[in-house]
Amino acid sequence: MVWQDLVFMAGSLLSVVFLAPALQDVNARIPLMTSVPKMALGAVYAVTFATMGMSLAAVGLLATGIMWSLLAAYRSPSATAASSARAGTPVAPDSIARDE
C-alpha cells in the first residue's frame, strides 16, 4: 500500500463528512449543474484509481460520488420543490431556483 492511496482516501472521506450537513438540511438547494458533474467525476476517478491498484482511494471516491448523487436526488431545487408539493407544503415560486 502506498501512502498516496491513504491520502486520497482520507481526502475523499473528508468530502463526505463535509457534505453530510447539506444532505441533512431539508432547506438546502444544490443545483444539478453542481452535483451531477461532481457525481460523475467521483465515479470516473474511482474507476481510474481502482485500475491503478489504489483500492482505498477508489472506495473513498466512490463514497464521494454516492454522496453527490444523494445530494442530486434529494437537495436539487426540483427535488425539494417536488417533495414540498407531495407534502402539501406551499412553495413560493420565487423560492425555487432554476436548474440551469
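Structure: above.
Keep in mind that this is a model prediction, so the values were computed, not measured.

1. As for the environment of Lys 38
Then, number 1: With respect to the secondary-structure elements, Lys 38 resides in helix α2 (residues 32-51).
Then, number 2: As for Lys 38 and Ser 69, which are separated by 31 residues in sequence, their C-alpha atoms are 8.5 Å apart.

2. Overview of α2
Then, number 1: For α2, built from 20 residues, the straight-helix expectation of 28 Å at 1.5 Å per residue is met to within 8% by its first-to-last C-alpha distance of 28 Å.
Then, number 2: Along its buried surface, α2 packs onto α1 (3-24) and α3 (55-75).

3. A word on a nonpolar patch on the surface
Then, number 1: Side chains of Leu 62, Ile 66, Leu 70 and Tyr 74 sit close together on the surface and give an oily, nonpolar patch of about 370 Å² of accessible area.
Then, number 2: Within the secondary structure layout, Leu 62 lies in helix α3.
Then, number 3: Residue class for Leu 62 comes out partly exposed when judged on its relative accessible area of 46%.

4. Here's the deal with the packing of α2 against α3
Then, number 1: For the pair α2 and α3, the least separation of the axes is 8 Å and the interaxial angle reads 160°. The angle between α2 and α3 places the two elements in the roughly antiparallel class. Considering only the axes of α2 and α3, their crossing is left-handed. Only Ala 57, Ala 58, Leu 61, Leu 62, Gly 65, Trp 68, Ser 69 and Ala 72 of α3 make contact with α2, whose side of the interface consists of Leu 32, Thr 34, Ser 35, Val 36, Lys 38, Met 39, Gly 42, Tyr 45, Ala 46, Phe 49 and Ala 50.

5. Things to note about the packing of aromatic side chains
Then, number 1: This structure, assessed with the given rule, holds one aromatic pair.
Then, number 2: Pairing Phe 8 with Phe 49 gives two aromatic rings, centres 4.8 Å apart and planes at 40°, and the pair type is tilted. One end of the pair, Phe 8, is in helix α1; the other, Phe 49, is in helix α2, and 41 residues separate them in sequence.

Rules of the game
- Residues numbered from 1 in each chain as written.
- Predicted model: local features only at pLDDT ≥ 70, side-chain atom pairs only at ≥ 80, totals over all residues.
- Heavy atoms only, no water.
- Helix = DSSP H or I, 4+ residues; strand = E, 2+ residues; numbered from the N terminus.
- Expected span 1.5 Å × (residues − 1).
- Contact = heavy atoms within 4.5 Å.
- Patch = residues over 30% accessible without salt bridge, like charges linked within 9 Å, V, L, I, M, F, W, Y side chains within 5 Å.
- Areas by Shrake-Rupley, 256 points an atom, 1.4 Å probe, with all protein chains shown as cover.
- Salt bridge = Lys/Arg side-chain N within 4 Å of Asp/Glu carboxyl O.
- Buried < 20%, exposed > 50% of the residue type's maximum accessible area, 1.4 Å probe, protein only.
- Axes fitted to C-alpha atoms, helices over the stretch in contact; angles between N-to-C directions.
- Parallel < 35°, antiparallel > 145°, perpendicular 65-115°, else oblique.
- Left-handed = near helix turned anticlockwise from the far one by under 90°.
- Phe/Tyr/Trp six-rings, centres within 6.5 Å; stacked < 30°, edge-to-face > 60°.

These results come straight from atomic positions and should not be treated as a statement about function.
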